[in-house]
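The lines below spell out each chain.
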Amino acid sequence: SPDGAFSISFAQRPPETIGCLFREARTLFTPKEHSLAPSPRPSAPLPARTITPTRIRPPRDIVKLEDRLRLLLQPPLESQLSAESLRFAHRPFPYQLDGIAFLYPRHQAVLADEMGLGKTMQAITAVRLLAHHGYLRRALLVCPKPLVTNWQREFALWAPELPLTIIEGPAARRQFLWKHSQDVVTIANYESVVRDSADVCEPLNRFDLVILDEAQRIKNRANVTNQIARSIPRSRSWALTGTPIENSVEDLVGIFEFVAPGHVDSEMKPRAVGRAVSDYVLRRTKEQVLTDLPPKLFRDAELELTPEQAASYQLAEEEGVIRLREMKHDITIQHVFELVLRLKQICNFDPATGESSKMERLEADLEECAASGRKAIVFSQWVETIVELRTRLARFSPAEFHGQIPSRRRDAVLEHFRTDPNCHVLLMTYGAGSVGLNLQFASYVFLFDRWWNPAVEDQAINRAHRIGATSPVTVTRFLTVGTIEQRINQILEQKRELFDMVFGESLKAPKNGL
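The rules behind these values
Residues numbered from 1 in each chain as written. Predicted model: local features only at pLDDT ≥ 70, side-chain atom pairs only at ≥ 80, totals over all residues. Heavy atoms only, no water. Helix = DSSP H or I, 4+ residues; strand = E, 2+ residues; numbered from the N terminus. Buried < 20%, exposed > 50% of the residue type's maximum accessible area, 1.4 Å probe, protein only. Contact = heavy atoms within 4.5 Å. Areas by Shrake-Rupley, 256 points an atom, 1.4 Å probe, with all protein chains shown as cover. Pairing = 2+ DSSP bridges. Axes fitted to C-alpha atoms, helices over the stretch in contact; angles between N-to-C directions. Parallel < 35°, antiparallel > 145°, perpendicular 65-115°, else oblique. Left-handed = near helix turned anticlockwise from the far one by under 90°. Nonpolar A, V, L, I, M, F, W, Y, C, P; charged D, E, K, R; others polar. Salt bridge = Lys/Arg side-chain N within 4 Å of Asp/Glu carboxyl O. 1 Å grid on protein atoms, 1.4 Å probe; cavity = no way out; pocket = protein on both sides within 12 Å on 5 of 7 lines; lining within 4 Å. Points joined across faces, edges and corners; volume = space filled by probe spheres on them.

**Focus on the overall build of the protein chain**
Within the protein chain, the secondary structure is distributed over 19 helices and 13 strands. Counting the 514 residues in the protein chain, one finds 56% classified as buried. A fraction of 78% describes how many contacts in the protein chain between residues 6 or more apart in sequence connect residues 24 or more apart. Working note: accessible area of the protein chain is about 22500 Å², and carbon and sulfur atoms make up 53% of it.

**Describing unusual backbone geometry**
With a phi close to 50°, Glu-214 is a non-glycine residue in the positive phi region. Checked against the element boundaries, Glu-214 lands in the loop between β5 (207-213) and α9 (224-231).

**Looking at the sheet that holds strand β9 (residues 376-380)**
Taken in spatial order, the six strands make up an open sheet running β8-β13-β12-β9-β11-β10, and their pairing is parallel. Since the sheet does not close on itself, it has two edges, and those belong to β8 (296-303) and β10 (399-401), each with one partner. Strand-to-strand, the axes of this sheet are offset by a mean angle of 20°, without reference to chain direction. Note that β8 and strand β13 (residues 473-480) share eight bridges and pair parallel. Residue pairing across strands places Glu-302 opposite Leu-479, the latter belonging to β13. Packing of helix α17 (residues 407-419) onto the sheet brings it into contact with β9, β10 and β11 (425-429), and relative to β10 it is tilted by some 140°. Sitting on the sheet, helix α18 (residues 454-461) touches β8, β9, β12 (444-447) and β13, and the angle it makes with β12 is about 150°.

**Thoughts on the environment of Val-289**
Along the chain, the position of Val-289 falls in helix α12 (residues 286-289). By relative accessible area, which is 24% here, Val-289 ends up partly exposed. Taking C-alpha positions, Val-289 is 6.6 Å from Tyr-95, a pair spaced 194 residues apart along the chain. Not counting residues within four places of it along the chain, the set of residues in contact with Val-289 comprises Tyr-95, Leu-117 and Arg-284.

**A short note on the packing of helix α4 (residues 119-132) against helix α5 (residues 148-158)**
Between α4 and α5, the least distance of the axes is 10 Å, while the angle of their chain directions is 55°. Put simply, α4 runs oblique to α5. In this structure, α4 crosses over α5, and the sense of that crossing is right-handed. For the pair α4 and α5, contact is made by Thr-120, Met-121, Ala-123, Ile-124 and Arg-128 and by Trp-151, Glu-154, Phe-155 and Trp-158, respectively. Of the residues belonging to the contact of α4 with α5, the class tally is six nonpolar, one polar and two charged.

**Quick notes on the pattern of salt bridges**
Where charged atoms from two side chains of opposite charge approach closely, those side chains can pair. Counted according to the given criterion, the structure contains 19 salt bridges. Arg-174 is the partner of Asp-196 in a salt bridge, and the nearest nitrogen-oxygen pair spans 2.8 Å. In this pair, Asp-196 is assigned in the loop between α7 (190-195) and α8 (197-200) and Arg-174 in helix α6 (residues 171-180), connecting sequence segments 22 residues apart. On the basis of relative accessibility, which here comes to 7%, the residue Asp-196 falls in the buried class. A salt bridge links Asp-365 to Arg-299; the shortest N-O distance between them is 3.2 Å. Of this pair, Asp-365 sits in helix α15 (residues 357-371) while Arg-299 sits in strand β8, and the two are 66 residues apart along the sequence. A relative accessible area of 12% places Asp-365 in the buried class.

**Things to note about empty space enclosed by the protein**
Where empty space is left becomes clear once a probe the size of a water molecule has been rolled over the atoms. Taken as a whole and judged by the stated rule, the model has two cavities of 30 Å³ or more. There is about 30 Å³ of room inside the second largest cavity. Lining the second largest cavity, in full, are Val-127, Ala-139, Leu-140, Leu-141, Phe-155, Val-185 and Ile-211. No other element matches strand β2 (residues 139-143), which puts three residues into the lining of the second largest cavity.

In structure tokens:
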């Protein structure tokens, strides 16, 4: 194209290596260990090693021969990144180089790697390469508010030469920044983008690239955030998400309305959707690319309610059903949802006596965890449950992390959990633990109650099971038999099957040639 940018689509497979081996590509970067974050102490030097070069391959929607050749004849990615100005403190993993090679030539892309594989680093390095090659002058990165500072740190680590503007402060300051920033990268949270939509969507305020982090935030096409994101003037659209489908194919359709509008629709069958997006989406799991990562060990703790809980559960269920029947035509999904929530809460604690079969099991497991000097994370849907657990688990010196903890205190909470040998437990809500946290020093994860979709549970688990973990992560999922929790578990399994149907086939996508 005239501006030197190239359009692309997706593949769930590593880009194929072809062509000749450039002499300068035999060694890669400075000889340090793989890492996604600064090491606390210097690592021993590693000898230079011979590698298979990573080539940037043209996506399927580049049809002009000269454009395809321009990409195919570029030096290997290792050669391009080994320029003095692009040196790294930490050597990327080979699969991360494949991710960079996937993003670099594409106008439309979804990087959907499982959480913990370094989507942030791959996106930043691709942005860095585009900027150095003159294909990118202005990029907008949109992320959840708690992750803004994390992205600042990651840019300082992986692309320190790229100037940043952070959209923050009162309305007048934000408006000035939107209109006058000359920095290569602008970072804004989703709330600011919605509030400042008139400035963000100004036609003259065009970006060469817009990246949406945690792109599941726009899964609902009717949501104002989705509509504004789609309206941002841009040349390239990238989405980063470890959960492209949380509940249904409609989630992926919502994301693609930003990435490649009209390319998929909710009427398509799951396997057809998988084939349609296979050249736009790259997804890898830890099991596929990190064979040396310690395993996840799952234990399903099926528990009977205590007699007190069982009596309260039966009473609440009977009264709730009677009430719903009496409402007849006035009944709404909200009324049913309220009953389900009530039953779920009784599965945690009996409202009259406080009895809890889950609590008895959790205390026994934490005793063993603390005795071995290990650390554990306990997840729940409700802050009220976290508060109750804090009181009952006081002897383990638990830390809390949830929406009611002020943002300015959250880093200190996590540091306390990491460094205090007497703090064995972190109590966390699913919402607070869904994005931007690295807790790979925890060896045990307990799901005290179940969330509504498996993607959120997987995100929670992957806070501990990620790069840097040195021991297996044991995951215990509490489930009270004969209750609503069993039905929820069945729904979770059905949603996992849907995800596999969409993305399983794309892993087998045919390779592209010239």
